[in-house]
Structure formats: structure tokens, C-alpha cells
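Commentary on secondary and tertiary structure
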Amino acid sequence: MAAVVQLSSAGPCASSCWIRQQTCSSSPSSSSASDGVVQCSQLSSTSGKSVQASLKLDNLRHRGLRVYRERSARHGVEVGVSSNFTDNFVSVSSTSKNLEREILRIEKLGGRARANVQMGATSAVASPLREGSGQADEQAPDGGLQGAQLARSELEEGNRRTSNPINVVFVSSEVAPYSKTGGLGDVCGSLPIALAARGHRVMVVSPRYMNGTADDLHYKSAFDAQCRIKIGCFGGLHEVAYFHEYRAGVDWVFVDHPSYHRPGTPYGDTRGAFGDNQFRFTLLCHAACEAPLVLPLGGYTYGDKCLFIANDWHASLVPVLLAAKYRRHNVYTKSRSILAIHNLAHQGVEAGTTYQNLGLPPDWYGALEWVFPQWARLHALDKGEAVNHLKGAVVTSDRILTVSQGYAWEITTKEGGWGLDELLRSRSAVINGITNGIDIEEWNPATDKYLASQYSLDDISGKAECKAALQKELGLPVRPDVPLIGFIGRLDYQKGPDIIQAGLPELMTDDVQMVMLGSGYPDVEKWMAGAEASYPEKFRGWVGFSVPVAHRITAGCDILLMPSRFEPCGLNQLYAMMYGTVPVVHCTGGLRDTVENYNPIAHGGQGAGTGWTFSPLTKDAMMGAMWNAIGTYRHHKAEWNGIMERGMSQDFSWDRAALQYEQVFNWAFIDPPYA
């Protein structure tokens, strides 16, 4: 059955639109998902040299072998190496220059000799926890992720600009400062700027939300690009417009359509999620794929050799469209796509009958097909048939990224995979985790405009003034000797306020103070009000969210508590360490990656660590970590100051994360398109 693509454009860019009313016919590049699109890899055996012998998992601890294993596997060289070669490789990889020289040699070997690739038994991303220890085992379980621990290159003067500039297109449902509800907006508002500073040409595509509030002013500098295209989906042609702003070296492109003009957040209002979100974000994906072809930004288009970064389910149709619609017409054959997973819990699952509305060829239904298990179906006649947008991106993108190394491992487990764990394990060879950075211009105690007194690592005296000012603002007794504990986050299942609720009576028996900032479940909000009445000299609950108050709590508190059940990355613990506030966190996801558990006897008694981690997620484990932190604050001031200084001295900038993203970009272009 042929499908007619009905895309047209009007205005000055009309001549640039790549296709008009062409008939899609079957071709080798348009095979159905069942013919191999969703397979983990296409492996073939060819004649040529094969690097023989075995490689024990113990050798994977060596960074050089881990990088060798990743690079050689991606070039088709068998991942086993001989014991003699192992010894030689370790010896020549003692310096970074020798390591890079050896990697280049392996790449050349891989180009000449295509061998059988074995994708099993690979290095760990992050390891499972020993129960109650708060520490990770050295190796992940069988089926660990290959090469997910990326090199942390030093930002030296010589590598501030890339030697391989790429046209990068971010597609996201929210972008700070224009639209933001969480960490996704922060990432897509900061990472593109860091990549552009390194010499890449970067475009960010996001909806132009108009909700009738002061937030609309964020788009005042974005001007109509005088480009209109018509997108065929949901039973008709829908015209969208593009708005453009060039800022900080990045092309910020906003897709304009009446469905983005309504009160509320980007996803819903006080009555819940918008019922047409599938339509709204399908439009976004189609418009994002057209933007590099039709928008002459700076005088010329991006063209059809780009790297698309699809963020979460809202942008997950982008890799599917590249494979199912464009490449069958020889467009975007040189482009690649990366799926960035910020929160796997949200997958964009809709009824299976809605597939016909997505503007995709009928034979690609298998890429998005999703069947609910029997227990999750609504009634006896419910077949559980659905389409899963995120699943479509998992099976068609060239690589997959998460926002921390720990989360990259967690999404492949039964507990953290949200039903996609088996599929993600099948693609574990291309999954990597990169910890988010933070905007050091907004979150910097030396320049923070919201603080009563600014301070830095060189002069931390201003933090005591911030604590006193916060206690006064909250109506708590101004006491510098009392540990002040803070919590900032949504009051929902993920963030674990119920664990705090269970432990608060025990915590309040000690001479401490605590403040909680957030909104969410009404019963938790009521509990916060009741706790404030029960402990008027010790506890304050601030229902709602305020950016200035969040800054002041981060700076004024001594301890930040984060008992999250799962945390893909987490930003509050990064802000806290930047401000000299010591985090106490549940050992999960990005929290495990970024907070080093305090060890007082490390380095000959000098100590190591930037906070406390606890596991499992129970009231007793949390309180054990809290008592350790409070005891250190009271009785070991020198050690406490060391923890603060180690946290404040870390580099959380996006510049460093950008180096790791570049590493993944280069890997994405090594192989042909995955789908």
C-alpha cells in the first residue's frame, strides 16, 4: 500500500522544501521493522583477520582495554585479545598519548579486517549495590553496557575547539529560558551553547508556547522566519511556522502552531495532561526534520548531513521519521540520530489505532508496536495494543544516551526499565551515560543575586550570613550552631517525601532545623503544614516553588536531603555541592554517580568524599546517614570543612560534559545508519 507524502512550503523558503507529493514506494531502505529494523545489530562474518583469544572480565577494569573494546567492537574486530597482546596493550597505554596512538592503530586494523563481533560480556556502566552498603560492586551483572564510562578529558587550551565540527540539531519539548518544567529544559538550554562554543553549528527546535502570561516575553527576540510548511498527519494538512533567534552562537528555532497557544505548562494544566499531546509533539517532530532542509539560517541551510538529538518521548518520532520517510528518498542518508533519555518513566504510549495519524508508512507499525501485559489491561476485551513513541526511537536511533552513567545501567534492569528493559539490553552496546552539567552563571555562590552574602571557595565566610538570613526569613531561631537541613523537590513518589515523613519524628528529637520547599501530592502538602505546627521552632514547609527561595535554601542550609526512589541525574545535589552544602542522598542513578560517600580514613586519614549516600531506601538507612552527617557537623569541624571544600572544587560545567558528547557524536558516524 503506497503512502503519499503531502509536504509543501510557502513563503521565501518554498524552493527549499525537499519533496512535494511524491509517492513512497517500497525499497531496500524501507523494509518493515519486522525485517530487521528492530534487531540489535546486523552482524556478518567476512573473510579477514580476526583478533583471537579471550579477555577476562577482570581486564576490563583497565581503562585502556575498555576503550579498546569499545572502539574495536564498533569496527567489527572481535572483542577478544590474546594474553600477550593484553600485556603489551597495558604497557603502551600508560600515557594518554600512547593510548590514543594505540586506539588509532586498532581503528585502522578494524577498517581492514572485518571479523565476527561478539557483543556479550562487556564492561560495566555502573554497578549494582550491595544492600545497605551504599557502595557499588566493581562489575555490573551479566549483560552490562559496553563502553558506557566515557573518558573525562581535561579542558586544556588546545582542545577548547573541536577538530571535527558537526551540524547538531536538538529536538526538545522544552528549552530554558523559553520554556522549562524540569531538568530537560536546563539541558537543552545549556548544552547547545557549550557545543556551539566548541565550534559546532547547533540548532535547537522546540515549540513556541504562548500561555498568556509573562513567560510569553521569553520569545520576544524570536522573529518570524517567513517560512511555512504543511505537515500531513492526523487526517489532514497542518500548517506550521518557524520563528528564529540567534543567541550565544546557537540557532533557536521555535515551531508555531495554534495547539501550542493555551494556558498551562507545556504538557497540561490544573486538570491534567492535554488530551492532544500526541498530536502536538508529532507536529514538532515533523517540523524538526524539515527545519534543516528549509530554513536558510545565516544565509544557508544545515542540509541533510546532521546529527539529530531527540530528547525523551516528545521527540522520539524523529529517528523513526529519518528511517521510515526520508531515507527511502535518499534524504538524510548521511545523518545520524541519538536518543537522549531523561526520564524513562514517560514513554508516550497511546492507543494502537492512533498509528495511522502519525504520518508514517503503514509497514513501520512494528517499530512503535506495544502490547500491554494481561494484568495492565482495562477489561476482558482489551487487547492491550498500543503505540509507544519512546520504543520507536530505541529501535531506530543510532545511539542512546542517558543523563548519568548509573541511570544508563538502571534502565536495563527489570526494576528501572519500565517495561523496556529487555529491548534496551539488546542495544546495550550503544548505550552511554553522561552526567548533566549546570549553568554556572546562574548557580554560582560568588555571583548569585538572590543571596544575602556572596561567597566562594577562597572565602566561604558569606555562607554563615546566608544561613542566618534564611533562618530569619523562615521565622526560625537564628542559631549558627544548629544543623540546618533542606529539601527541594516535587512532593511525589519519585522524590521520596514519604521517607522523610516517616523519619521526621525521630529527626526532630535532636537539636536540628529543617525546611522543605516543593509542591505535589495534596496529602503531603497537608502533612508539611501539620509538621510546621507540631515543631514551630524546628520545621518549616514552603508549599509551591520559588527560584529565589530555592537559591537561598541551597546556600543557607548545611545539609541537603534527597531520598529519591530513582533519579536519572539530579541537579539539586550538584547545586548543593557548588554552594558548600553537603548532600545526603539515596544511592541511585545520577545521585550515586555524583556524590562520593564520605570516608574519614582515606588518603592516610585526610578523608575523601563529598557527602553521604545510603541504601536501601528505608527510613532506618536514611536516618543512619543523617546521624553520621549531623555528628560530623557537630564534632568534626575540620573534616566537615574538607567535605565542603571538595564539593565546591568540583567542575560541574557543561564545557566538560560537551567533550563527552562529542565522543559519542563521533561514534555515531562510524557505522552506517542503524535503521
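These lines cover the structure that appears in this document, whether it is placed above or below. Owing to the predicted nature of the structure, the values given are computational and were not obtained by experimental measurement.

**Structural notes on the side chain of Gln573**
Relative to the helices and strands, Gln573 resides in helix H15 (residues 572–578). In contact with Gln573, other than residues within four places in its own chain, are Leu560, Met562, Pro583, Val585, Gly590, Leu591, Thr594 and Val595.

**Overview of the nonpolar core**
One finds Val205, Tyr242, Leu360 and Phe665 to be the most contacted residues of the largest nonpolar core, which totals 102 residues. Sorting elements by how many residues they give to this core places helix H5 (residues 277–294) first, with 11 residues. Formed by 34 residues, the second largest nonpolar core is a distinct cluster that contains Val524, Trp527, Phe539 and Met622.

**Here's the deal with the pairing of strand S22 (residues 582–586)**
In regular strands, side chains alternate between the two faces of the sheet. The buried fraction of S22 amounts to five of the five residues, a majority that puts the element mostly inside the structure. Residues of S22 alternate between two faces, with Val582, Val584 and His586 on one and Pro583 and Val585 on the opposite face, all of them buried. Judged from the four bridges that link them, strand S21 (residues 559–562) and S22 form a sheet pairing that is parallel. Directly across from Ile559, in S22, lies its bridge partner Val582. When S22 meets strand S23 (residues 612–614), the two strands line up parallel, connected through three bridges. Across the sheet, Val584 pairs through a bridge with Trp612, a residue of S23.

**Thoughts on the sheet that holds strand S13 (residues 349–351)**
Taken in spatial order, the three strands of this open sheet run S13-S15-S14, and their pairing is antiparallel. At either end of the open sheet lies a strand with only one pairing partner, and these are S13 and strand S14 (369–371). Here the strands of the sheet are splayed against their neighbours by 45° on average, with no regard to which way each runs.

**Re the pattern of salt bridges**
What the rule picks out here adds up to 20 salt bridges. Two residues, Arg262 and Asp276, come together in a salt bridge whose shortest N-O distance is 2.9 Å. Of the two residues, Arg262 is situated in the loop between strand S8 (250–256) and strand S9 (268–269) and Asp276 in the loop between strand S10 (272–273) and H5; the sequence distance between them amounts to 14 residues. With relative accessibility at 23%, the residue Arg262 sits in the partly exposed group. The class for Asp276 is partly exposed, based on a relative accessible area of 26%. Of the charged contacts in the structure, one is a salt bridge between Arg425 and Asp421, with a shortest N-O distance of 3.3 Å. Here the residue Arg425 and the residue Asp421 both occupy positions in helix H10 (residues 421–426), the gap between them amounting to four residues, near one helical turn. For Asp421, a relative accessible area of 5% corresponds to the buried category.

**Regarding the packing of aromatic side chains**
Here the structure, examined in full by the defined rule, presents 19 aromatic pairs. Ring geometry for Tyr178 versus Trp252: centroids 5.8 Å apart, planes at 50°, classification tilted. Of this pair, Tyr178 sits in the loop between strand S4 (167–171) and helix H4 (183–197) while Trp252 sits in strand S8, placing them 74 residues apart in sequence. For Trp252, a relative accessible area of 0% translates into the label buried. On the basis of an interplanar angle of 65° and a centroid distance of 5.3 Å, the ring pair of Tyr326 and Tyr332 is categorised as edge-to-face. Side by side, Tyr326 and Tyr332 carry an identical accessibility label, which is buried. Taken together, the ring pairs in this structure connect Tyr178, Tyr219, Trp252 and Phe254 into an aromatic cluster. Above the face of the Tyr674 ring, Arg427 is positioned so that its terminal group lies 3.6 Å from the ring centre.

**A closer look at H4**
Taking 1.5 Å as the rise per residue, H4 with 15 residues should run 21 Å; its terminal C-alpha atoms sit 21 Å apart, in good agreement. Of the residues making up H4, those classed as buried are Leu184, Gly185, Asp186, Val187, Cys188, Gly189, Ser190, Leu191, Pro192, Ala194, Leu195 and Ala196. In the core, the buried residues of H4 are packed alongside S4, strand S5 (201–207), S8, strand S11 (307–311), H15 and helix H20 (654–668). In the segment just after H4, Gly199 is the residue with positive phi, at about 110°.

About the cut-offs
- Counting of residues starts from 1 at the beginning of each chain's written sequence and follows it residue by residue.
- The model is predicted, so local features are restricted to residues of pLDDT at least 70 and side-chain atom pairs to those at 80 or more, both for listing and for counting; the totals for chains, interfaces and linings are taken over all residues.
- Computation of side-chain values: all heavy atoms of the structure, hydrogens and water removed.
- Starting at the N terminus, helices and strands are each numbered in turn, a helix being any DSSP run of H or I of at least four residues and a strand any DSSP run of E of at least two.
- Contact between two residues is taken to exist if any of their heavy atoms lie within 4.5 Å; hydrogens are not considered.
- Take the buried residues of types Ala, Val, Leu, Ile, Met, Phe, Trp, Tyr and Cys, join any two whose side-chain atoms come within 4.5 Å, and each joined set is a nonpolar core.
- The buried label applies to any residue whose accessible area, calculated with a 1.4 Å probe on protein chains only, is under 20% of its type's maximum; exposed applies above 50%, and partly exposed to all values in between.
- Between any two strands, pairing holds if DSSP finds at least two bridges.
- All axes are obtained by fitting lines to C-alpha atoms, using only the stretch in contact for helices, and the reported angles, taken between N-to-C directions, cover 0 to 180 degrees.
- What counts as a salt bridge is simple: a side-chain nitrogen of Lys or Arg found within 4 Å of a carboxyl oxygen of Asp or Glu.
- Aromatic contacts are taken between Phe, Tyr and Trp rings whose centres are within 6.5 Å, Trp giving its six-membered ring; a plane angle under 30 degrees counts as stacked, one over 60 as edge-to-face, and the others as tilted.
- Any Lys NZ or Arg CZ found within 6 Å of a ring centre and within 35 degrees of that ring's normal is scored as a charge over the ring.
- Residue count minus one, scaled by 1.5 Å, sets the expected span of a helix.

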